[in-house]
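Descriptive analysis of the structure
Given next are the chains, with one letter for each unit.
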Amino acid sequence: MKKLKLLVIIIFMTGVLFAQESRGLKPVKVPEAVGNSDGVLYTSSHALIIGESDYNNGWSKLSGVKDDILALKKALEQNGFNVIVKKDIKSSEFDKIIKEFISKYGKDTTGRVIIYYAGHGHTEINATSKKSMGYLVPTDAPSPIKDRDGFLKKSIPMSRFKEYSTTMEARHVLFLFDACFAGTIFGSRSKKLPPDISYLISKPVRHFITSGRANEEVPDESVFIQIFINAITGNEADNNKDGYLLGTELSLYLQSNVIKTEKPTHPQHGKSFDPTLNQGEFVFVLKRDTLIIDPEEYGKIELKTENISGKLFINGDFKKKVSENKKYIFKKHKTGDFIIEIIGTKNWKSSVKVSPGKTSKITAKIERKFPPDPETISMKKIKGDEFIMGSNLGHSNEQPIHNVRLNKFKISETEVTYAQYIVFLNNRKVGKDGIFGGVKYIDIDAYACALVYNDSTKEFSFKANSYSESDNCPVITVTWYGAKAFCKWAGGRLPTEAEWEFAARAGKDYKYSGSNNINDVAWYETEKTKQKTHPVGTKSKNDFGLYDMTGNVWEWCYDSYNQDFYENSKSLTDPMYKEKGREKVIRGGAWNSDANRCRLTYRESQKPDYSSSSIGFRVVIPY
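Our subject in this report is the structure included herewith. This one's a predicted model, so the numbers in the text were calculated from it and none came from an experiment.

Some remarks on the environment of tryptophan 348
Among the secondary structure elements, tryptophan 348 is positioned in strand β21 (residues 348-354). Dropping the residues within four chain positions of it, tryptophan 348 is found in contact with Leu303, Ile308, Ile340, Glu341, Ile342, Ile362, Thr363, Ala364, Lys365 and Ile366.

Structure, rendered in structure tokens:
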């Protein structure tokens, strides 16, 4: 039976505000009535997320951890945190990673820090003292049933986090443990909420919250963390609607909502018994524009999406990003007539009437087209011509420069997107593991992959993550075989290396495709890329009207790789190097490449069954 998880949130803080802020690493400002005189509460905000999912040695794998940490990462980034993610770390790395994080980010006395762990947990009973001790379980720790000594050697005792907390100088530190533990952590007590917020935030407190009673378990996909995120980003948990969410209010909200889920648990809460550490309240400052309406004046909107994703607007106001084939419920919504619009790869617009106490249901639906046509894959015609390929100023595999003649061809205006590749996968009925006919087209299990498979509909859909914010981003984690299969299905093939370079040059002698200034034409390794892909066509195009030939993602070419091929391809027409067992050419650089690797003559290669968060492709159709 799969071992499940229990969420434990341990909050260490000194009693001032935990405020929301806009995206970006900026000082957190609070109203003058409750902050310092300058209105600045936090000068820095950093978070370390540790996700353990790929277990062995007798522990079940935890696939739900991947989604949980993505959701938490996004919520924290929206609250202004610099987020560092570490996944599937071994016991030997655990202590080092946390200490390095504390050393780098935990010394700012006016900053805030979060350390989050998701994975297996285990409780051992001391044979002498009979006391319970909780442990975090790294991926390489053996099962205590089979090897107790090995487990104790490799697991991480919860007591170690007390040591970590004493070395921290940050004003507020929040520890979150998403793991299964037997036994309670504290004794619960209640306290009436004092009305004076200023008094509450001036006093220290250590507040403890668990996702359930002792021995309770929750599903692999943590419902508790979802409700926790809802509480700090909305206004429903704020009982008196004063714009401040107290730790006690949060606890009661969790207790009343987690128990209503399909697999309920019973969250517990309490404060430290130390009288010097239980006088205050942990406080979240909620957004001032949060909607507060009397019960008789609101209704609900239930929105379902079918084959469409993008940014959702209600009466012109942006609400959130929505994914394909999902249901979204907007509670306590104003009554009246509203225009709902989704803007993405495809746009959709409709109206809805919201009545008091009623649920207005609406479906946003876009019909798929099979196979792709000029409306979904825009092609540019390229006239055949002769050009000088390579560079004598580059690496040895870029030399010598040589004349190449090409016949005319059409090439896709942008890199193939998730939206386009999803149509292909579903039309070909590719298996849920991304494999078709024994060949892996795309690595569905890769951390960066933004695809999910619905067992009921037998179809793939897009699910945004930290690497791809919309289905208009280039598809990644696709193998050369998967790229080749898509091109054949669409009536074409991958570009040859010569076709790719000719199209990238666009008749000019630029260093990059379309400009000598890489920032004009490419997403590459800079602070602005934010370590992710970007929607296609958002930088300047080259003179052939092609986008992202430099940067965003590397692009598979049809050719096998041969470092010395240029020596033997002089004065050839439509040169192509084919040899089984060889790596395949990739060109153009990516979001995580430096400027040198983005030069339009730069060449690299990868095995055809390899996939990456930085490799995609585009289509060529001879005509």
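Now that the structure has been shown, we can carry on.
Topic: the sheet that holds strand β33 (residues 584-587)
Read across the sheet, 4 strands follow the order β34-β33-β31-β35 without closing on themselves; strand pairing throughout is mixed. If you trace the sheet from one side to the other, it starts and ends with β34 (603-606) and β35 (615-616), each paired once. Sitting on the sheet, helix α9 (residues 480-489) is in contact with β31 (554-560) and β33, with an inclination near 85° to β31.

Remarks on the pairing of strand β18 (residues 317-322)
Pairing between strand β17 (residues 310-314) and β18: 5 bridges, direction antiparallel. Note that in β18 the partner of lysine 311 across the bridge is lysine 321. Remark: 2 residues form the turn of the hairpin made by β17 and β18, two consecutive strands paired antiparallel; asparagine 315 in that turn has positive phi of roughly 50°.

As for helix α8 (residues 418-428)
Taking burial as the measure, the 11 residues of α8 include 9 buried ones, the bulk of the element. Those residues of α8 that sit buried are Tyr418, Ala419, Gln420, Tyr421, Ile422, Val423, Phe424, Leu425 and Asn426. For α8, the secondary structure elements touched by its buried residues are β29 (451-454), β30 (459-462) and α9. Positive backbone phi, at 55°, marks lysine 429, one or two positions downstream of α8.

So, empty space enclosed by the protein
Gaps left between atoms are located by rolling a probe of water-molecule size over the structure's atoms. Counted by the stated rule, this structure contains 2 cavities of 30 Å³ or more. Here the second largest cavity defines a volume of roughly 40 Å³. If you trace the second largest cavity, you find it lined by Met389, His402, Glu497, Ala498, Asp559, Phe565, Tyr566, Ser569 and Pro575. Looking at the lining of the second largest cavity, the elements that each hand over two or more residues are α10 (497-505) and α12 (565-568). Looking at the lining of the second largest cavity residue by residue, the classes come out as 5 nonpolar, 2 polar and 2 charged.

Some words on unusual backbone geometry
Residue proline 400 is bonded to the preceding glutamine 399 through a cis peptide linkage, with omega at -5°. Structurally, proline 400 can be placed in the loop between β24 (385-389) and β25 (402-406). Its identity is not glycine, yet aspartate 88 carries a phi of approximately 50°, on the positive side. Within the secondary structure, aspartate 88 sits in the loop between β6 (82-87) and α2 (91-105). A relative accessible area of 27% places aspartate 88 in the partly exposed class. In this model, alanine 506 sits at a positive phi of 55°, which is unusual for a non-glycine residue. Here alanine 506 shows up in the loop between α10 and α11 (518-521).

The rules behind these values
- Residues numbered from 1 in each chain as written.
- Predicted model: local features only at pLDDT ≥ 70, side-chain atom pairs only at ≥ 80, totals over all residues.
- Heavy atoms only, no water.
- Helix = DSSP H or I, 4+ residues; strand = E, 2+ residues; numbered from the N terminus.
- Contact = heavy atoms within 4.5 Å.
- Pairing = 2+ DSSP bridges.
- Axes fitted to C-alpha atoms, helices over the stretch in contact; angles between N-to-C directions.
- Buried < 20%, exposed > 50% of the residue type's maximum accessible area, 1.4 Å probe, protein only.
- 1 Å grid on protein atoms, 1.4 Å probe; cavity = no way out; pocket = protein on both sides within 12 Å on 5 of 7 lines; lining within 4 Å.
- Points joined across faces, edges and corners; volume = space filled by probe spheres on them.
- Nonpolar A, V, L, I, M, F, W, Y, C, P; charged D, E, K, R; others polar.

Read these as geometric descriptors, not functional statements.
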